[in-house]
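Okay, here's what each chain looks like letter by letter:
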Amino acid sequence: MAIFTIGDLHLPLGIDKPMNVFGSQWDGYVERIRSNWRAAVRAEDTVVIPGDLSWATYLEEAVRDFEYLHALPGHKIIIKGNHDYWWTTMSKLNEFTELHGFSDISFLHNNSFEAEGISICGTRGWLYPAWASFTDDDEKYFSREVGRLELSLRSAKTDTIYVFTHYPPISRDGESNDFTRMMQKYNVERCYYGHLHSHSHINRIPDKVDGIEYHLVSSDYLRFGLKAIV
């Protein structure tokens, strides 16, 4: 079995909001993702999607996007992104997948999963304190995400831990914060994140900071292919 990841699919199947309004690099991205996914992933593999799965505002608007995902091979694990407005309580999300028969789709939220001897942990994350516009409100959300990350890390069943977040947890300058210190506390080896698009790719985190590897996996950065982890 293998583990893959790709973030920021921004699927527009339930509502009309294609990503090519943000540049020609997004032309045909839905089909490109599907083709690359089917070429790489087998039914027994795992794919982690760190946020921004769908443009839908409400869960019922996301059905076609989930159908698209369900039709692809592998077990999919989804994390909430800043544009996943359809995200609701875990009980409602689980009811939704059961109702529609999406048995191959799970949600990473205050929990963890295990695949190939690796604990898959994570949370959405938030703006980091070194962000120029960081406010007291941001501090509240950031602290909450640090707490959610610890809940996920506490549930890890293996010594090898990889963390997945939507927001990059630190700046490209590598300034540590409570989020990165939490990962160090639990001996996290790698962190995969998304959120950064187009010219923002220059803000990606250095490959290794304080012993942790960092990998940007937003779909346009990966040219709409999946990144193999294992």
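Residues numbered from 1 in each chain as written. Predicted model: local features only at pLDDT ≥ 70, side-chain atom pairs only at ≥ 80, totals over all residues. Heavy atoms only, no water.

Participant: Hey, could you run me through the nonpolar core in this one?
Facilitator: Note on soluble globular proteins: their nonpolar side chains tend to be buried together. In this structure, Leu9, Trp37, Leu53, Phe66, Ile78 and Trp86 are the most contacted members of the largest nonpolar core, which totals 34 residues. Of all the secondary-structure elements, those providing two or more residues to this core are α1 (29-40), β2 (46-50), α2 (63-70), α3 (90-100) and β4 (105-107). Leucine 9 has contacts with Tyr29, Ile33, Trp37, Ile49, Gly51, Asp52, Leu53 and Leu69, leaving out every residue within four places of it along the chain. Core analysis: the second largest hydrophobic core is formed by 25 residues, Cys121, Leu127, Leu149 and Cys191 among them. (Core = buried A, V, L, I, M, F, W, Y, C linked by side-chain atoms within 4.5 Å. Buried < 20%, exposed > 50% of the residue type's maximum accessible area, 1.4 Å probe, protein only. Helix = DSSP H or I, 4+ residues; strand = E, 2+ residues; numbered from the N terminus. Contact = heavy atoms within 4.5 Å.)

Participant: Where do I start with the sheet that holds β2 in this structure?
Facilitator: Paired through their backbone hydrogen bonds, the strands of a sheet run either parallel or antiparallel. Reading across the sheet, the five strands line up as β4-β3-β2-β1-β11 and stay open at both edges, with mixed pairing between neighbours. Each of the sheet's edge strands pairs with one partner strand only, and the pair in question is β4 and β11 (227-228). Direction of pairing for strand β3 (residues 75-79) relative to β4: parallel, over a ladder of three bridges. Bridging from a neighbouring strand, isoleucine 77 pairs with serine 106 of β4. (Pairing = 2+ DSSP bridges.)

Participant: I'm lost on the sheet that holds strand β6 (residues 118-123) in this one. Help?
Facilitator: Judged by pairing direction, the sheet is mixed, and its six strands sit side by side in the order β5-β6-β7-β8-β10-β9 without closing on themselves. Looking at which strands have only one partner, the edges of the open sheet turn out to be β5 (113-115) and β9 (208-209). With four bridges connecting them, strand β7 (residues 160-165) and strand β8 (residues 190-193) associate as parallel partners. Bridge pairing links threonine 165 to tyrosine 193 in β8. Contacting β6 and β7, helix α4 (residues 136-154) runs over the sheet at an angle of about 165 degrees to β6. Taken strand by strand, helix α5 (residues 178-185) contacts β6, β7, β8 and β10 (212-216), and its axis lies near 125 degrees from that of β10. (Axes fitted to C-alpha atoms, helices over the stretch in contact; angles between N-to-C directions.)

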